Amino acid sequence: MTTHVERTVAALRVNHNALAALVATLSEEDLRDPSGASEWSLADALSHIGSGAEIGRKPIAKAAGERVEVEDNQAIWARWNASSPADQAAEFVKHDEAYLDTIEALSTEQRDGLMIDLGFLPEPVPLLVALGMRLNEVANHAWDVRVGVDPSATVDPESAELLVELFRGPLAFLLGFSAKADAIEREVRLAIPGGALEITDAVNVTDSVDRSTATFEGPQEAVVRLLSGRLGPEHAAGVTVTGNVTLDELRKVFPGY
């Protein structure tokens, strides 16, 4: 049986391969074009994913027994920010590949048992949480890059399906940081593909659609983009929301990151 860890590793590989193939077609001028992320160019988005891979690989490698060089995150970001767009794109491919090489090489025992100290959470987390957070970042920022080239781009469907599952469990805590439950003054239980989105005094994704008060009609990838603030009017073709909440109101709950 394929585990969530294995599925997440596979989804990260799919996103990398697709984005690396796209990067190979982009010129320096293309890389300066705007991405789907506000105020970021394509190169900026690739730099963000790439620096995240460089930083995120180290605690996993360390937990697996590798000796890693310690470098301050601020210094890493400064180095990336000082690079040219072409170098940012090339370094994204290099460092994201290194991240994947590390996680793909983990044994079954390591995948089941490693605890990862990410440095910014109160305590170490299971490998699945670290990988799920990485997939959430990669899937959405990969969309930022792709939509800058193709306005009809979507989040990878398998990644979207997996992220909805993870938000029902190990990634549920992320919505406590990113969602604004108080943006709506009534309780909403929105039926979505794969479960429901509940907005009460907190925001949760559940597997139950009982007592739903509204319905989201659209693919799971659009749900993932909603949760990350990427379902603006210009990118919501084919999505409708009916019931006691509107899509515009939902956008206020999920302002994005």
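Each remark here, short or long, concerns the structure printed above.
Let us look at the structure shown here. The model shown is predicted, which means the values in this text are computed figures rather than measured ones.

Further remarks concern the pairing of strand β5 (residues 203-206). Here strand β4 (residues 195-199) runs beside β5; their pairing, made up of four bridges, is antiparallel. Within β5, the position partnered with L197 by the bridge is V205. Here β4 hands over to β5 after three residues, the two strands then running antiparallel side by side.

Comment: phi is negative for the bulk of residues other than glycine, and the bulk of peptide bonds are trans. A positive phi angle, near 70°, is found at E39, a position not held by glycine. Judged by its relative accessible area of 78%, E39 falls in the exposed class.

Our focus in this paragraph is the environment of I60. Along the chain, I60 falls in helix α3 (residues 42-63). Considering only alpha carbons, one finds I60 and L131, 71 residues apart in sequence, at a separation of 9.5 Å. Non-local contacts of I60, meaning those with residues more than four positions away in its chain, are made with Y99, T102, I103, L106, I116, L127 and L131.

As a further point, take the pattern of salt bridges. Evaluated as defined, the whole model comprises 14 salt bridges. Between D96 and R134 there is a salt bridge; the shortest N-O distance is 2.7 Å. Of the two residues, D96 sits in helix α5 (residues 85-104) while R134 sits in helix α7 (residues 127-149), which places them 38 residues apart along the sequence. Among the salt bridges present, the one from R225 reaches E221, with a minimum N-O distance of 2.8 Å. You can see R225 and its partner E221 sitting in helix α10 (residues 220-227), four residues apart, about one turn around the helix. Each member of the pair R225 and E221 is classed as buried.

How each quantity is defined
Here the residue index of a chain counts from 1 through its sequence in written order. Given that this is a predicted model, residues contribute local features only at a pLDDT of at least 70 and side-chain atom pairs are listed and counted only at 80 or more, while totals for whole chains, interfaces and linings are drawn from all residues. The basis for every side-chain value is the complete set of non-hydrogen atoms in the structure, without hydrogens or water. Here the rule is simple: two strands pair whenever DSSP picks up at least two bridges between them. Going along the chain from the N terminus, every DSSP run of H or I of four or more residues is numbered as a helix, and every run of E of two or more is numbered as a strand. A 1.4 Å probe rolled over the protein chains alone gives each residue an accessible area, and that area as a share of the maximum for its type sets the label: buried under 20%, exposed over 50%, partly exposed in between. Residue contacts follow a heavy-atom distance rule, with two residues in contact if any of their heavy atoms lie within 4.5 Å. Salt bridges, as used here, are contacts in which a Lys or Arg side-chain nitrogen is within 4 Å of a carboxyl oxygen on Asp or Glu.

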